[in-house]
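# Residue-level structural notes
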Amino acid sequence: DNASLAFGARVISATDEHYSPASTMLSPTGPINMFDGMESARSREPGHFEEVVVQLARSAPIHRIGMDFTFFVNNNPNEVSVDAFDGKEWRTLVPKTWVKPFRGSTKVFTVSDTERVEKVRLRAYPCGGMNRFRAWSKL
């Protein structure tokens, strides 16, 4: 897991850490409750999203993205997207995808991009929480 605190990944920025720090999403252990994850305040603004930018532990291609909503049964995001930064520009790894049905569980995306990635940008639409975020790489 190239987005794990255990390997040196870190949160660079987060738009809203209303209930808990976004860095808890990068914990290498499983979540223990709803406060063991990132949750933003509610937003009803049209077009609103929350964003977390993660500096990965190593620059490497990502082959899977995982999102754990175990304790976010009623307040996981409606949709999410993930972009990658290769040192020059942002590109899409996971397009905006409906994840509301994965409340209380996990969602894993297979990524076919083969370019090296330094940072990832997770967006939650319009708001919501997530226990864990994973970005698996082959180093």
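The residue count restarts for each chain, going from 1 along the sequence in the order it is written. Side-chain atom pairs in this predicted model are given and counted only at pLDDT of 80 or more, local residue features only at pLDDT of at least 70, and totals for whole chains, interfaces and linings cover all residues. Hydrogens are left out, water is left out, and the side-chain values use all remaining heavy atoms of the structure.

### A look at the overall build of the protein chain
Test applied: Think of it this way: any DSSP run of H or I at least four residues long counts as a helix, any run of E at least two long counts as a strand, and we number them from the N terminus. Here the globule rule is a power law, 2.2 Å times the number of residues to the power 0.38, and the radius of gyration is based on C-alpha atoms. Each residue gets one of three labels from its accessible area relative to the maximum for its type: buried under 20%, exposed over 50%, partly exposed in between, using a 1.4 Å probe on protein chains only. In what follows, residue pairs with any heavy atoms lying within 4.5 Å of each other are defined as contacts. Only the protein chains shown count as covering a residue, and every accessible area follows the Shrake-Rupley method with a 1.4 Å probe. Under the convention used here, Asp and Glu are negative, Lys and Arg are positive, and both His and the chain ends fall outside the count. Where a charge lies is defined by one atom per residue type, namely NZ (Lys), CZ (Arg), CG (Asp) and CD (Glu).
When its secondary structure is counted, the protein chain shows zero helices and 10 strands. The helix and strand sequence of the protein chain, counted from the amino end, reads β-β-β-β-β-β-β-β-β-β. Its C-alpha atoms give the protein chain a radius of gyration of 14 Å, near enough to 14 Å, the size a compact globule of 139 residues would have. For the protein chain, the C-alpha atoms occupy an extent of roughly 35 × 30 × 25 Å along the three principal directions. Looking at the protein chain as a whole, 48% of its 139 residues qualify as buried. Of the contacts made within the protein chain by residues no fewer than 6 positions apart, 77% connect residues no fewer than 24 positions apart. Only carbon and sulfur atoms are counted for the fraction: they give 51% of the accessible area of the protein chain, which is about 6900 Å². Side chains of the protein chain give 18 positive and 16 negative charges; the mean places of these two sets differ by 4 Å.

### Section: the packing of aromatic side chains
Working definition: an aromatic ring pair is given by the centre-to-centre distance plus the angle between the planes. Rule in force here: For Phe, Tyr and Trp, where Trp contributes only its six-membered ring, two rings pair if their centres lie within 6.5 Å, and the inter-plane angle classes them as stacked under 30 degrees, edge-to-face over 60, or tilted in between. Here, over-ring charges are defined by two tests on the NZ atom of lysine or the CZ atom of arginine: distance to the ring centre within 6 Å, and angle to the ring normal within 35 degrees.
If you walk through the whole model with that rule in mind, you get two aromatic pairs. Ring centres of Phe49 and Tyr125 lie 5.6 Å apart, and the angle between their planes is 55°; this geometry places the pair in the tilted category. Here Phe49, found in the loop between β2 (38-39) and β3 (50-60), pairs with Tyr125, found in strand β8 (residues 117-125); they are 76 residues apart in sequence, far enough to count as distant. On the accessibility criterion, Phe49 (29% relative accessible area) is partly exposed. Seen in terms of ring centroids, Phe85 and Trp90 are 5.2 Å apart; in terms of plane orientation they differ by 45°. Their pairing is tilted. The exposure class of Phe85 is buried, given its relative accessible area of 16%. Here Trp90 falls in the partly exposed class, since its relative accessible area comes to 31%. The side chain of Lys96 reaches across the aromatic face of Tyr125, ending 4.2 Å from its centre. One Lys or Arg, Arg121, reaches over the ring of Trp90 and ends 4.2 Å from the middle of that ring.

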